[in-house]
Structures are given as C-alpha cells and as structure tokens.
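# Structure assessment
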Amino acid sequence: MKLTIEVWRQEDTTTKGRFVTYQVDDATPEMSLPELLDRLNDQLVTAGEEPIAFDTDCREGICGTCGITVNGVPHGKVPNTPTCRQNLRSYDDGEHLKLEPFRAASFPVVRDLVVDRSALDRVIASGGYVSVDAGTAPDADTRQIPFKVAEQALDFSACIGCGACIAACPNGAAHLFAGALLSHMSTLPQGKPERSKRARGVVATTEEEFGPCSVYAECVEVCPAGIPISAISAVNREAARAAIRRNKDN
Amino acid sequence: MNTFRTIGSRIRSVVGSSEGVPRPQQDSPDPAAPQEEAATSAPESTGNAKKPLSGPAALKRQGPKGTQGFVTYADEPLNGNVPTGDPLTAWSRRKLDYKLVSPLNRRKFKVIVVGTGLAGAGCAAALGELGYNVVSYTFHDAARRAHSVAAQGGINSARAKKVDNDSLERFVKDTVKGGDFRAREADCFRLGEESVRVIDHMDAIGAPFAREYGGELRTRSFGGVQVSRTYYTRGQTGQQLQVAAARALQRQVGLGTVDLRTHREVLDLVVDDGRAKGVVVRDLYTGEIEAETAHAVVLCTGGYGNVYFRSTLAHNSNVTAAWRAHRRGAYFASPSYIQFHPTALPVSSHWQSKTTLMSESLRNDGRIWVPKAPGDDRPANQIPEEERDYYLERKYPSYGNLSPRDISSRAAREQIEAGHGVGPLRNSVYLDFRDAIGRLGKKTIEERYGNLFEMYFDATGEDPYTEPMRIAPGAHFAMGGLWSDYDMMTSIEGLFVGGEAGWGYHGANRLGANSLLSACVDGWFTLPYSVPNFLANHLGEAPLPADHPAVERTVAEVRERTDRLLSIGGTKGADHFHRALGDVLYSGCGVARTEAGLKNALKEIRALREEFWRDLRIPGSGRELNQELERAGRIADYLEMAELMCLDALDRDESCGAHFREEHQTPDGEALRDDDDWCFVSAWEHTPGKGAHPGKPVRHAEPLDFQAVPLQTRNYA
C-alpha cells in the first residue's frame, strides 16, 4: 500500500506546531498504526531526519498509552478500538492519513504526537480509590457479590485511561472517565464506605481539570473499552447524592 | 537477631577484588579436580545463619565448570539465607526474626521504588501506608500503564476452598515441579502462603474478580495443574489488578507518603561503600539527568523478554535498570530461563512489532491440532477429523491442551519443524474452538473469551468463531532476573528486587497465573517486611547528599554514556539492531538450544554490538524528548545481556524446563534434567571488559534444596 501521511510536528509544549507530509510506499494491510509509524520513523532515521515522537507501549490495547487522532477521530476509523489495534486494512491504497495528537486543553502537547495526560491521574488521586491498607482486608469470599454486579462493575472498570473520550469531546470533558471510575466503585460493596467522599473529590478535580459535559456523547463512539454512556450521568448523580448526604463519607 | 544479613559484606569483598586482583581461575574442566583449591581459598569467615557448605559435597553442588574460556567460576557456594528447617514454617519464622522500625521512626527513612507494576506499585503503596517516605519512579506517563496491565488469564491462589483437593502443599508441588526443580522451594512456600491474602487485598481495593452466581469468587484451571485455583476478571485480570494497585499508589500520592515521578527512566544505581544508596534518572520529557538518594532501593522493573524484539511484552519493557544494577555488582540469576508462550500470535510480516499473547486460558476450551499430513494446504475447516493430529492430547493425555507452557511450546515447535505448521508461512498451529462452541454455545465462549477473540480478529482479520486461531510460541516471561536472597535483597546491600525483575519462584518454567501472583506477593506482602528489617540497622543515617562524590561520579557516567550514544553518528536506527538481535536469539537461544547454536549466537551478538557502537544513528539531542535515544540506551544494554543469556545457556549443560538443550533429551524428546550436577541456580557476576564488551562473567552457584517436594522427573503424560 502507498499512503500519504500528514503528521503534526511540534518540538515542545511552547513551540508552535505544523503539519509535515510524508510518504510510505510499502505499507501492508496487517500493519497497525504504530507499526506504520515504526516504518515511517525507520525511513526518517535513515534519511537523517528526526523521527516522529509518539506514545506506544503494550500494542495490544490494554495499557492506554497510545493515542493518535487519525483524520480527526481519536484512535482512528474503527469505532471503539485503540490506536494500536487499528490496522491499515481499514484504509485504502493511496489514502491520505492526517495524524495529530489527542487534542484537548487539558492535554498539553509534549512533542509531536505525545501529550501530557497527567490530569487523569490527579482525578484518581483526589479520591478514586478504596482506603484499605495492605493485609487488612477481610476474606474475599465472605463478601458475596452477585455475578451480574461483578460483571457490571467490570464494564466500568474496563477503562484503560487513554483519554480518547476527552479528545473526542467538543468541550474536553472527562465525564466518561470520571463516571466510569465512580460507577465501578459505587457498584461494588467495597466502594460503599467512602462513596460520597470519593464523589466529592473526584467530581471537584474533574471539573477543575476538564470541561463541562453537554452530553454530546462523542466519547462513547471512540472509547476503546466500550464504557457505557450511563457512566457520564454517574458524575452528576454521584455529586448530587454526595451533596444530599452532607458530611457523610458513605 | 539479624544474622542473615551477611551476603552484603561478602559481596563487597568480591566486588572489590574484581578491580585489581585477578580472579581465581579454574584451569581444570574436571568438576572433581579443584576440591583442594576450593577448600584453601574459602573466605575467613562468613558468619552465615546457615552453615556454609564446604568440602566435596559443596563442590559437587556448585556444578561442573565446563565452559572455561567463556566464563569463570567462583570458589565458594552462594548462600541464599534460606531459613533452615521445615520450609512450611520458614516464612513465619523469618518474619519473627525480622527487625522492626517503630511507627514514629518510619518517616525518617526514604526508600526508592523503581517501577509501578504490581510489584512496584504494591511495594511503594504498602511502604507508604506503613509511614515510610517513598520515591516511586516509572518511565510511563502514568503508573497504571506498567506492563502488569497486559496479563490476561488470572492469578493463582492456594485458597483451597473447593473440594478438588487443592492445598498449600499442592500449590508448592505444582510450582516447584512446573519450574522443573530449579526454583527455591522455601520461596514457593511463601508465595503460596501469601497468595491467600493477595486475593483478599486486591478484591478489597476494587478489583472486580469474577463471581459465581452464588456470589463467591470464581476460579478456573491453568496449564500444569489439575485443580482450579486461578482467580480472574474476564481476560483482563492484569489490567484490573494493575489499575487497583495504581489507585492504591495514587491514594498514597494524595496522602503525601509517595512522591510519584512519572516519565523518568532509571539509568544507573548509586553504590557507595558497597551499598545501594540512590539512582540516577533521566526525565524523558526534558532530557534532564537527576539523582535521588535514599536508605534503600527496590527494583521492580519487570522482565526482559523484549530482548527477542518480537515478544508478548510491551514495546518499552526493558532490562536497563536491572542491567545497570548488575554492572554495579548485583548478580544476575539464570538469564537464559525464558518462557516461550505457546499461544502467541505467529509472525506474519517484517514490520510486525510483537507476537501478541492470546491468553493461556483459551486452552481450557480450545483444542490444539495440526494436519496429520505435512504441508496440507486445505483450509482448516475442510480437514476431516481423522486427518487432524491433536498432538498435545495424544502425547500428554492427562493434561492434554493444558500441558505446561514449556512442553506445549516445544511440542508446537516440533510439529512446525516437521512440516505440519499451518498458515501462509507454515509457522503456526491451530487452536480450535469448534467443539467448545458446539458443546457450550457461542454465547458462553463469548462471555469467557470475547475480548481475546476481538483482539485476534483485529490483529489477523480472521474470525476465531468460524475458523481456528493460529498460534505459535513467542518469547514471554523471564524466569531469570536479579539474584536475591530469601529476603529479596540482591548481592548489593540495600538493593532489593521484586516481581519479574527477580528470580526465586518460577525455576526454569513459570506456571500460568503465577506471575501476577509473584508480583503481588513481593510488592504487598514480602518487601514491606524485609525492607524495614534492613532499614532498622540504619536509623539515624542520612541519605547521601546530592554533591557526594559517589552521586556526582554516577551522574557524570550517565551523562558520558548518553553523549557517547548520541555521538556515534552512524547510519542505522536503534530498532534495526533490536530486530537483528531478536533474530539471533530466536535461532540461537530460543525454544531449543545447542552448543553450536549458542556459540554461533555469541559470535553474532558480539559482531552486532560492535556494529551498534560503530553505526548507530540517533537524530536530535539529549536535551528533549528523544525516543530514539531511549531505545538506543535500552538496546545497548540488551546487547550485553543477550551475551550473558547465551553464556548461561551454554554453561548449563542440561535441559530443564524452558531451557532445552538438544544434547540432553529423553528418547521421547522430553527435557532431561541432571540433578547430580546442576541442582543449583547460577548467579552471574559482572566483570569489566574492554571497550563495548563486558568481561568474562563469574558464575556463583546457590545450591537448591528440595525438602517437601522430592526431586522427580516431570511427567505430564
């Protein structure tokens, strides 16, 4: 396959970026997007040019490291599939690919296609956990959890933290991410003792770091983990619930 | 009482001697000959809790010394500080012997934990919860991205609740036998004992384990065992555990006990007076070289299977931190013990960057087969039942498709080499779900393996619901790693190791679902006991100041090395060398090894290393995000480590577990162990060499004792 690839090049956070066009003549349909960039970078290094910086790690769609906007769509053409599992077989020979970083005010560009997504971790650090110290947990079998409840929690906890939901959102909102976190924890009995406390922390940081949600629902179109749309309503629901419960932790 | 901590002092003397005094060399390859010499050159005093071995028995247990010319051999056996007596009670006795640090004194200590996978995040969070100051490093942009996240199938636990006759002893037996008797038995008991609380803890911090309809934890079976002790969350157990652990770590970040520093790669260890006292790191975003000092350093930096280039590991997984520690004096145990996962995706094209893992859990329901006729070109579904060879079921009827990984990988390789391979390159075998779908229905299979099937479809464009998957052995897990004693301390005092970066539990072959377990046990339930035992002796000491000569010297060395890499000015990118190295290792030090193949690989590795330092090209500078520079540094270390892997494989003149030397096999083609000569772990010491090449490594041998599980031939038939 021959592909024309327009790539966002930006030296660092403060420098202005620009698109640069490259050509790859020996792409193959089974190549993933990161493998296409490997190929292109090999070409660039051989030619003595600086290769394109991009985030990538597990290359099987679970670590959430990769994230490229392809022709305006975070992660690429195939819905609900991470960048590393997008293959060129969904593109035609001779097609034009425009590769950009995840675009969001909360994700400053570090270099080329690499963005800083640390805002997501600040959301987690503000309450997105269960406060149990090592060794103090009760026997997990004494805590009976119905099959479907565990499965439902897993539907939400499947989030890989890639940030595509934010990049897809016209407002740059992180409600799918934060809602998945809150829904996972509020579904499980383990998350109940500090449910309100968690909601207050997580929602405050989410609102501080990211934009507001207008229920465009663009996020669920791209989410590689298939987080259900109900997650976004969990943010307001959990916040309202926490407000009603005033100073209570649970 | 703390008489265990004697390794450090002994190592110091050994490391010290490597600088000036020539190392004692054994001239005779005859293992029986150097008895007198060893007896006379034994050190004055070791003061070990465990009596040092001496005399002919000790020599016997240090193994043959047949690879003179390539490596050298230490005289004295290595002591693992394993508690004497019944291994069943070893851990509780040892814990009782450990010194404690009072809660008020804990904040006076600083511990560096490198890596934020299950071992690193667990260790950092647990030490933070206890009240220590922790500095946690990861090269990822977020703690939760560490590669533990990619483990699919599950986590074993000896909870033994069912009536399928499981028990702690059976867990240990399976693990020791699965590792082909090259693991430390006492460590395996600790692994099994702590496995019970691991499940409780991970469940409590939010990992949604699969549940039965009655609400209890659900389990499944994994390779190499006949009970059901694997706990799981769909096909994403690693992710759920890793995300939970990373959140526990973030909780400590929020509380201020852990200082988490992301996008920073540890490039060297600060060693002063024989003790690990800090690390030198590079901020990957800015290129800044920084130093951090502490009372102790813990490396939980994962495995090195990525040395094969195409593996089931993540793109950025590397051996650098562990290898730099090795170069500073930490022994490297069994580097050649690499597990090839039998259910990885086959290689189909040049630019394919990994052999993605298809979870072993698939073997619960999938049947592995090849066409009986070599070179059979028909599509799988057109090959009639009687023309299919379900070779695992045929050769190993009691374990069948759930035979251990090393055995399954070897069997697949045998079929492929005999011309029965399938797929366009004839380099794979079928994993067929037809019968399971017929028996259980598509919905059940989808429930069990839905995301794996999707992943397979994405990668290959083939639908595993209608045609069989194609799989092949791919480099996966490193059973070897930095050597440590029973307390997880390496041969450098104050340097600890946890998770896949270490060695102890898995011997020469790891059982499925024991990897997540060992990382969790080390991080949450072993290091938080053993690190304080070390710290307790250093109350009142301050970490080294930033301008201490040892710190400045290490920083200067890191800068110098970075500059050297940048200034080569050749023509090829780092990936070129990585791919070439992978090819050398797959053919020379892969699923099966021979003396000739290993010697050839050694030559090729040395040539490749020379080419690397002559012809590498890194565009850009070191003062910015430069991924080519990151890769080049990692590959430079792989090019050194690969040599040690081959030397270890060449030296170990027996077959055991995943280390299959073709010279040593039974008439049926099974691995033929040699317990008389090789029942020990090889722990290699680095010696400085010339130019880009390391010197001849020194083999130290820690004899392995098996009290609860008597040595026996592994038989899965």
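- An unreviewed UniProt entry lists chain A under the name succinate dehydrogenase, from Kocuria soli.

## Observations concerning the domain arrangement of chain B
Residue and element names in this part refer to chain B.
- Split by domain assignment, chain B resolves into domain 1 (341-476) and domain 2 (549-673).
- Listed per partner, the contact involves six residues of domain 1 and six residues of domain 2.
- A total of five residues in the side of domain 1 that touches domain 2 trace back to one element, the largest contributor, which is helix H11 (residues 405-420).
- Split into classes, the residues belonging to the side of domain 1 that touches domain 2 amount to one nonpolar, one polar and four charged.

## As for the environment of Asp675 of chain B
Residue and element names in this part refer to chain B.
- Topologically, Asp675 is positioned in helix H19 (residues 675-678).
- Considering only alpha carbons, one finds Asp675 and Asn156, 519 residues apart in sequence, at a separation of 28 Å.
- Here Asp675 is in contact with Phe181 and Leu711, once residues within four sequence places are set aside.

## Let's talk about the interface of chain B and chain A
- Contacts between chain B and chain A engage 67 residues on the former and 67 residues on the latter.
- Among the elements of the structure, helix H5 (118-130), helix H7 (185-204), helix H8 (237-255), helix H13 (442-460), helix H14 (515-535) and helix H18 (627-651) of chain B are those that each provide at least two residues to the side of chain B that touches chain A.
- Residues belonging to the side of chain B that touches chain A are distributed by class as follows: 24 nonpolar, 23 polar and 20 charged.

## Here we look at the packing of helix H4 (residues 87-97) of chain B against H7 of chain B
Residue and element names in this part refer to chain B.
- Where H4 meets H7, the axes come as close as 8 Å, and the angle between the chain directions of the two elements is 75°. Judged on the interaxial angle alone, H7 and H4 are roughly perpendicular. Along its contact with H4, which presents Pro87, Leu88, Ala90 and Trp91, the element H7 presents Glu185, Ala186, Phe189, Arg190 and Glu193.
- For the contact of H4 with H7, the class distribution of residues is six nonpolar, no polar and three charged.

## Description of the sheet that holds strand S4 (residues 73-74) of chain A
Residue and element names in this part refer to chain A.
- Strands sit in the order S2-S1-S5-S3-S4 across an open sheet of five strands; the sheet is mixed. The outermost strands of the open sheet, each flanked by one partner alone, are strand S2 (18-24) and S4.
- Pairing between strand S3 (residues 68-70) and strand S5 (residues 96-101): three bridges, direction antiparallel. From the neighbouring strand, Ile68 faces S5, where its bridge partner is Pro101.
- In the packing of helix H1 (residues 33-46) onto the sheet, contacts are made with strand S1 (3-9), S2 and S3, and the angle to S2 comes to roughly 85°.

## As for unusual backbone geometry
Residue and element names in this part refer to chain A.
- Of note, the phi angle at Asn71 is positive, near 45°, even though the residue is not glycine.
- As for its position among the elements, Asn71 is in the loop between S3 and S4.
- Judged by the 14 C-beta atoms lying within 10 Å of it, Asn71 is partly exposed.

## Section: the sheet that holds strand S10 (residues 289-293) of chain B
All names here are of chain B.
- Strands sit in the order S8-S9-S10 across an open sheet of three strands; the sheet is antiparallel. The open sheet has two edge strands with one neighbour each: strand S8 (264-272) and S10. Averaged over neighbouring strand pairs, the angle between their axes works out to 25° when direction is ignored.
- Across five bridges, strand S9 (residues 275-283) lies against S10 in antiparallel orientation. Each residue of the ladder has a partner; that of Val281, found in S10, is Glu290.
- In this fold helix H15 (residues 549-566) packs onto S8, S9 and S10, with an angle of close to 140° to the strand it touches most, S8.

Thresholds, definitions, all that
- Residues numbered from 1 in each chain as written.
- Chains lettered and ligands numbered in written order.
- Predicted model: local features only at pLDDT ≥ 70, side-chain atom pairs only at ≥ 80, totals over all residues.
- Domains from an automatic or database assignment.
- Contact = placed C-beta atoms within 7 Å.
- Helix = DSSP H or I, 4+ residues; strand = E, 2+ residues; numbered from the N terminus.
- Nonpolar A, V, L, I, M, F, W, Y, C, P; charged D, E, K, R; others polar.
- Axes fitted to C-alpha atoms, helices over the stretch in contact; angles between N-to-C directions.
- Parallel < 35°, antiparallel > 145°, perpendicular 65-115°, else oblique.
- Pairing = 2+ DSSP bridges.
- Buried ≥ 20, exposed ≤ 12 C-beta atoms within 10 Å, placed from the backbone.

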